[in-house]
Amino acid sequence: MLLSELQVGDKAEVAGVLAENSVRRRILDMGLIKGTRFKVLRVAPLGDPVEIFFKGMYLTLRKSEAAGIVVQKTGHTGDAKPLGRKRRRWGLGGGQ
């Protein structure tokens with residue numbers, strides 16, 4: 001599945017980047033690498049551009065750029081699954 005095919009609220013993980021060399025390099029430099037989880041926040045009415053959220057950052061991509069990113073869908077709106085890995089919580093005192 002391609003990033004450009006996702007709907008608002010979908011959560012996915014990057015499986016690969018197949019974009020052209022210059023665009024590919026720019027996408028990878030921004031941290032959108034294999035294994036990165038993200039959420040689709042907005043899609044314009046005509047599908048261009050697409051806004052995603054990952055690693056505390058908002059990124060807007062053109063539809064042609066998003067079509068070069070292969071993803072694996074991991075969730076959808078309202079599934080209550082966090083984007084990142086499980087966090088450890090350390091208590092203060094009490095042996096936790």
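These numbers come from a predicted model, not from an experiment.

(A) The arrangement of the overall build of the chain in detail. Counting secondary structure elements, the chain contains two helices and five strands. Listing each helix as α and each strand as β along the chain from the N terminus yields β-α-β-β-β-α-β. In the chain, which comprises 96 residues, the share counted as buried stands at 31%. Of the contacts made within the chain by residues no fewer than 6 positions apart, 62% connect residues no fewer than 24 positions apart.

(B) Region of the structure containing the packing of aromatic side chains. On inspection of all chains with the given rule, the structure shows one aromatic pair. Relative to Tyr58, the ring of Phe53 has its centre 4.9 Å away and its plane inclined at 50°; by these criteria the two rings are tilted. Using a relative accessible area of 24% as the deciding quantity, one classes Phe53 as partly exposed. Given a relative accessible area of 55%, Tyr58 falls into the exposed group.

(C) Spotlight on the environment of Met57. Looking at the secondary structure, you find Met57 in strand β4 (residues 57-61). When neighbours within four sequence positions are excluded, Met57 is seen to be in contact with Met30 and Ile52.

(D) Geometry of the pairing of strand β3 (residues 50-54). Extensive coverage of β3 is indicated by the burial of four of its five residues. Alignment of strand β2 (residues 37-43) against β3, held across four bridges, turns out to be antiparallel. Along β3, the bridge assignment pairs Lys39 with Phe53. Counted along the chain from β2 to the antiparallel partner β3, the turn is six residues long, and its residue Gly47 has a positive phi close to 90°. The pairing of β3 with β4 spans five bridges and is classified as antiparallel. Across the sheet, residue Glu51 finds its bridge partner in β4, namely Thr60. Here β3 folds back onto β4 in antiparallel fashion, the turn holding two residues, of which Lys55 has a positive phi close to 50°.

(E) Just the environment of Asp48, in detail. With respect to the helices and strands, Asp48 occurs in the loop between β2 and β3. Sequence separation of Asp48 and Ser64 is 16 residues, and the distance between their C-alpha atoms is 8.5 Å. Leaving out residues up to four positions away in the same chain, Asp48 has contacts with Leu61, Arg62 and Lys63.

(F) Focus on the pattern of salt bridges. For the structure shown, the criterion picks out six salt bridges. The salt bridge involving Arg42 is made with Glu51; its shortest N-O contact spans 3.1 Å. For Arg42, a relative accessible area of 58% corresponds to the exposed category. Assessed through its relative accessible area of 15%, Glu51 is described here as buried. Shared partners join several salt bridges into a network, and the residues in it are Arg26, Arg62 and Glu65.

What counts, and at which threshold
- Residues numbered from 1 in each chain as written.
- Predicted model: local features only at pLDDT ≥ 70, side-chain atom pairs only at ≥ 80, totals over all residues.
- Heavy atoms only, no water.
- Helix = DSSP H or I, 4+ residues; strand = E, 2+ residues; numbered from the N terminus.
- Buried < 20%, exposed > 50% of the residue type's maximum accessible area, 1.4 Å probe, protein only.
- Contact = heavy atoms within 4.5 Å.
- Phe/Tyr/Trp six-rings, centres within 6.5 Å; stacked < 30°, edge-to-face > 60°.
- Pairing = 2+ DSSP bridges.
- Salt bridge = Lys/Arg side-chain N within 4 Å of Asp/Glu carboxyl O.

Any link to function would need more than the numbers given here.
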